[in-house]
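Structural characterization, general
Letter by letter, the chains look like this.
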Amino acid sequence: MAQGVRGTRDFYPEEMRLRNWLFQKFHSSSLSHGFEEYDSPIIEHEELYTRKQGEEITQQLYNFEDKGGRKISLRPEMTPSLARMVMARSGALPLPIKWYSIPQCWRYERTQRGRGREHYQWNVDIWGMEGIEADAELLSVMVHMFTSVGLTHDDVVVRISSRKVLEEVLGSLGIEGDSFTKACVIVDKMDKLPEETVSAQLSDLGISDSSITTIQSVLSVTELPGLRDMLSPDSMAVSELERLFQLLESYGISEWTTFDASVVRGLAYYTGPVFEAHDRGGELRAICGGGRYDRLIGTLGGRDLPATGFGFGDMVIMELLSEKGLLPDISSRVSDVVFSMDESLRGAAMEVSSKLRGAGRRVDLVLEPKKMKWVFKHAERTGAERLVMVMPAEWDSGKVRIKDLQTGEENDIEFKDL
Ligand code: HAM
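Below is a short write-up of the structure. (Residues numbered from 1 in each chain as written. Predicted model: local features only at pLDDT ≥ 70, side-chain atom pairs only at ≥ 80, totals over all residues. Heavy atoms only, no water.)

Inspection of the region around the ligand gives 26 residues, with Glu77, Thr79, Asp125, Tyr270 and Ile287 positioned closest. Contact between the ligand and Asp125: a nitrogen atom at 2.8 Å from a side-chain N or O atom of the residue. A distance of 3.5 Å separates a nitrogen atom of the ligand from a polar backbone atom of Phe310. Considered on its own, the ligand offers 650 Å² of accessible surface; in the complex 96% of this is hidden by protein. (Near = heavy atom within 4 Å. Polar contact = N/O pair within 3.5 Å; in protein donor to acceptor, adjacent residues only side chain to side chain. Areas by Shrake-Rupley, 256 points an atom, 1.4 Å probe, with all protein chains shown as cover.)

This brings us to the sheet that holds strand β3 (residues 63-65). Read from one edge of the open sheet, three strands run β2-β4-β3, paired in antiparallel fashion. Where the open sheet ends on each side, the last strands, each with one partner, are β2 (43-45) and β3. Strand-to-strand twist of the sheet, defined as the mean angle between neighbouring strand axes without regard to direction, takes the value 35°. As paired elements, β3 and strand β4 (residues 71-74) share three bridges and run antiparallel to each other. Bridged to Asn63 within β4 is Ser73. (Pairing = 2+ DSSP bridges. Helix = DSSP H or I, 4+ residues; strand = E, 2+ residues; numbered from the N terminus. Axes fitted to C-alpha atoms, helices over the stretch in contact; angles between N-to-C directions.)

Let's shift gears to a nonpolar patch on the surface. A contiguous nonpolar patch, built from Ile42, Ile43 and Phe64 and spanning about 230 Å² of accessible area, is present on the exposed surface. Mapped onto the fold, Phe64 is located in strand β3. Note on Phe64: relative accessible area 38%, which makes it partly exposed. (Patch = residues over 30% accessible without salt bridge, like charges linked within 9 Å, V, L, I, M, F, W, Y side chains within 5 Å. Salt bridge = Lys/Arg side-chain N within 4 Å of Asp/Glu carboxyl O. Buried < 20%, exposed > 50% of the residue type's maximum accessible area, 1.4 Å probe, protein only.)

The subject of this paragraph is the packing of helix α5 (residues 177-187) against helix α6 (residues 195-204). Viewed as axis vectors pointing N to C, α5 and α6 meet at an angle of 175°, and their least axial separation amounts to 10 Å. With respect to α6, the axis of α5 lies roughly antiparallel. The residues of α6 that touch α5, namely those facing Ala183, Ile186 and Val187, are Val198, Gln201 and Leu202. (Parallel < 35°, antiparallel > 145°, perpendicular 65-115°, else oblique. Contact = heavy atoms within 4.5 Å.)

Attention shifts here to the pattern of salt bridges. Applying the stated criterion across every chain, the model contains 29 salt bridges. Note that Glu240 is salt-bridged to Lys164, the shortest N-O span being 3.1 Å. With a gap of 76 residues between them, Glu240 in helix α9 (residues 236-251) and Lys164 in helix α4 (residues 163-172) connect regions that are remote in the sequence. Classification of Glu240 as partly exposed rests on a relative accessible area of 22%. The class for Lys164 is partly exposed, based on a relative accessible area of 26%. As a salt-bridge pair, Glu385 and Arg361 come within 3.1 Å of each other at their nearest N and O atoms.

Taken in spatial order, the five strands line up as β14-β13-β15-β16-β17 in an open sheet, and their pairing is mixed. The sheet terminates laterally at β14 (363-365) and β17 (410-414), the two strands that pair on one side only. The average undirected angle you get between the axes of adjacent strands in this sheet is 25°. Where strand β13 (residues 336-340) and strand β15 (residues 386-390) come together, five bridges link them in parallel fashion.

On to the nonpolar core, then. The biggest cluster of nonpolar side chains holds 56 residues, and the ones touching the most others in it are Trp122, Met142, Phe146 and Phe312. By residue number, the principal contributor to this core is helix α3 (residues 133-148), which donates nine residues. In this structure, Met142 is in contact with Val158, Phe275, Ala277, Cys288, Phe310 and Phe312, ignoring residues within four places of it in sequence. Membership of the second largest hydrophobic core comes to 20 residues, among which are Ile57, Leu93, Val263 and Tyr270. (Core = buried A, V, L, I, M, F, W, Y, C linked by side-chain atoms within 4.5 Å.)

A word on the pairing of β17. As a general feature of sheets, a regular strand has side chains that alternate between the two faces. Strand direction decides the pairing type here: strand β16 (residues 399-404) and β17, joined by five bridges, are antiparallel. Counterpart to Lys403 in the pairing with β17 is Glu410. Joining the antiparallel neighbours β16 and β17 is a turn of five residues, in which Gly408 adopts a positive phi near 85°.

Of all five residues that make up β15, four are buried, and the element is covered over most of its length. Pairing of β15 with β16, which is carried by four bridges, proceeds in the antiparallel orientation. The residue bridging Val388 from the neighbouring strand is Ile402, located in β16.

So, in structure tokens, the structure goes:
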């Protein structure tokens with residue numbers, strides 16, 4: 001029974017310190033770009049996720065029936081909950097909406113390096129803006145985060161494309177609407193599944209062999225001019241992407257980004273630009289990913305509102321930071337260890353602790369009779385800055401002894417001046 005459920009994690013204090021450090025970076029990057037935090041319940045009605053376009057995520061639900069017979073699921077991602085929240089206040093929220101959140105998400109996945117059955121996913125989304133400026137701003141938040149943890153564009157690359165590229169290709173082949181969405185979900189698996197499997201699935205959608213070849217050659221393009229040659233001189237998809245890359249240049253983050261037509265993403269709801277960040281070494285799974293989804297609310301029965309955003313998990317980034325030696329060495333947050341030399345002074349030690357805590361210090365009071373040697377070791381282990389000793393003669397004259405653990409210097413300080 002000492003083991004938790006497969007694919008889930010415990011966070012012991014040393015891991016929790018790192019998690020809090022990472023989350024702090026998520027918070028500060030969001031706030032630096034004017035985003036506000038929101039949250040929602042971890043459970044939702046299952047039907048919020050039962051889209052029928054063959055996405056993996058819909059087959060990985062942690063779902064159950066509650067005691068009232070309702071079909072419920074743990075959230076596998078945050079976007080549908082966010083859409084539900086926006087829909088519920090439709091018209092009442094001032095636009096654009098710029099919100100972020102760090103929810104725990106649950107997917108019954110095959111566990112592997114960087115993928116678990118639960119993960120925390122920083123979500124950053126903008127609603128109510130049709131313009132590509134919103135997408136550029138999101139990429140700026142993402143790069144801000146990478147920079148804030150010490151990563152550079154030598155470590156990470158953000159690959160960008162647009163669903164509109166495939167839409168133009170498939171549209172010209174007569175594949176539209178639901179078939180188009182299904183085709184995107186299949187095409188996304190091209191680098192994960194054998195070519196025959198993907199081709200067979202596309203054939204099932206009624207896509208001919210020659211069209212499959214066309215799709216494959218378009219997806220291998222990594223230069224925008226080359227793409228224009230393949231699509232059409234007045235391709236909207238290409239114009240929009242060109243504009244996006246201009247904006248990224250203005251933000252000063254071009255070196256982090258590249259065009260790559262093979263980025264399609266496996267979720268059905270994307271409608272425009274899509275992007276994914278990877279380690280340059282190409283060893284790890286995607287660090288984060290997102291894109292524009294202007295028609296999600298419509299599929300949930302509401303009135304559409306343009307939206308774009310990304311999800312950024314806590315697992316791959318930690319792997320990468322650890323590999324690059326960028327994880328900080330964070331000790332516990334205790335500032336003072338307080339102890340009494342003598343049992344008769346225990347009350348005094350409590351008084352001293354209360355005073356220090358009232359002044360905002362983070363105090364660990366030694367609650368049992370302990371030897372001096374143990375106390376020193378304990379102070380070292382907790383990374384405390386000071387040892388506050390309550391000693392008989394000193395206390396009688398209204399003082400406590402404070403040892404600075406960095407310098408080793410000792411001083412007697414008046415209790416009232418603590
Ligand atoms: P997603 O690509 O499914 O997109 O997930 C986004 C990120 O969440 C991934 O790149 C990865 O960092 C992390 N992630 C996903 N599944 C796992 C897992 N099993 N274990 C560890 N990390 C994982 C979405 O979820 C979209 N809802 C993102 C979005 C927000 N699009 C627009 N707004």
